[in-house]
Amino acid sequence: MFEQVVIAVFIIAGAAFACLVLSLSWLLSPTKPTKDKGLTYECGVEPIGRPWVRFRPGYFVYAILFVIFDIEVIFLFPWAIAAGSAVTGWFIIIEMVVFVTILLIGLAYAWKEGALNWH
């Protein structure tokens, strides 16, 4: 029972601290709004045209595929360290072969559907 009380106290204290810091930041920050501060600014260049521009879906597909394979690399590093530092047997190797096979099937499917072709 004591452990749950300690966890509850930490959660309440963390939430209270976050609220306190955000409130103090809002109260103590200087605010002097001007017309220039309200303008859109990006990399020192004045924007041309409307700010709401439609992007081609191809950009999003590439981004999603990048995230998927980036996550694969994140899983491969700890696996390589564990496989290299301990005698783990065939289970860990088969496990990684299954993981990479699933990702390769996904890549083949995306390639077959034309997701990697730029039109």
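What you see is a predicted model, and the numbers here were worked out from it, not measured in a lab.

A.B. asks: What is the right way to read the overall build of the chain from this model?
C.D. replies: Of the regular secondary structure elements, the chain holds three helices and zero strands. By the burial criterion, 6% of the 119 residues in the chain qualify as buried. Of the roughly 11,000 Å² of accessible surface on the chain, 75% is carried by carbon and sulfur atoms.

A.B. asks: I'm lost on the pattern of salt bridges in this one. Help?
C.D. replies: Once the charged atoms of two side chains with opposite charge are near each other, the side chains can pair. With the rule as written, the count across this model stands at one salt bridge. The closest approach of N and O atoms between E113 and K112, which form a salt bridge, is 3.8 Å. Residue class for E113 comes out partly exposed when judged on its relative accessible area of 49%.

A.B. asks: In this structure, what is going on with a nonpolar patch on the surface? I would like to understand it.
C.D. replies: A cluster of nonpolar residues, F17, L20, V21, L24, W26, L27 and L28, forms a patch on the protein surface that exposes about 830 Å² of accessible area. With relative accessibility at 59%, the residue L27 sits in the exposed group.

A.B. asks: What is the right way to look at the confidence of the model for the chain in this model?
C.D. replies: Close reading of the predicted structure is inappropriate where its pLDDT is low. Per-residue confidence for the chain averages 82 on the pLDDT scale, and 89% of its residues sit at or above 70. Helix α1 (residues 2-28) holds the highest mean pLDDT among the elements of the chain, 95, whereas helix α2 (residues 57-85) holds the lowest, 78.

A.B. asks: What is the right way to look at the side chain of E72 in this model?
C.D. replies: Here E72 is to be found in helix α2. For the buried E72, no salt bridge is present, and the opposite-charge side chain at shortest range is K112, 20 Å distant. Setting aside residues up to four positions removed in sequence, E72 forms contacts with F99, V100 and L103.

A.B. asks: Help me understand the packing of aromatic side chains, please; the structure alone is not making it clear to me.
C.D. replies: Each aromatic ring pair is specified by the distance between its two centres and by the angle formed by the two planes. Inspection of every chain in the model, using the stated rule, returns one aromatic pair. Centroid distance F75 to F99: 5.7 Å. Interplanar angle 80°. Geometry classified as edge-to-face. A residue pair is termed long-range when its members are at least 10 positions apart, and F75 in helix α2 and F99 in helix α3 (residues 90-113) qualify at 24 residues.

A.B. asks: Quick question: what am I supposed to make of the environment of I92 here?
C.D. replies: One can find I92 in helix α3. Once the C-alpha coordinates of I92 and A82 are considered, the two residues, 10 residues apart in sequence, prove to be 8.9 Å apart. Excluding anything up to four places from it in sequence, I92 contacts W79, A82 and A83.

A.B. asks: Is there a simple way to think about α3 in this case?
C.D. replies: Because an α-helix packs 3.6 residues into every turn, residues spaced three or four apart end up facing the same way. An ideal rise of 1.5 Å per residue puts 34 Å on 24 residues; α3 measures up with 34 Å between its terminal C-alpha atoms. Among the residues making up α3, those that are buried are I92, M96, L103 and A110. Directly after α3, the chain includes G114, whose backbone phi takes a positive value near 85°.

Definitions and limits used
Residues numbered from 1 in each chain as written. Predicted model: local features only at pLDDT ≥ 70, side-chain atom pairs only at ≥ 80, totals over all residues. Heavy atoms only, no water. Helix = DSSP H or I, 4+ residues; strand = E, 2+ residues; numbered from the N terminus. Buried < 20%, exposed > 50% of the residue type's maximum accessible area, 1.4 Å probe, protein only. Areas by Shrake-Rupley, 256 points an atom, 1.4 Å probe, with all protein chains shown as cover. Salt bridge = Lys/Arg side-chain N within 4 Å of Asp/Glu carboxyl O. Patch = residues over 30% accessible without salt bridge, like charges linked within 9 Å, V, L, I, M, F, W, Y side chains within 5 Å. pLDDT = per-residue confidence, 0-100. Lys, Arg positive; Asp, Glu negative; His and termini not counted. Contact = heavy atoms within 4.5 Å. Phe/Tyr/Trp six-rings, centres within 6.5 Å; stacked < 30°, edge-to-face > 60°. Expected span 1.5 Å × (residues − 1).

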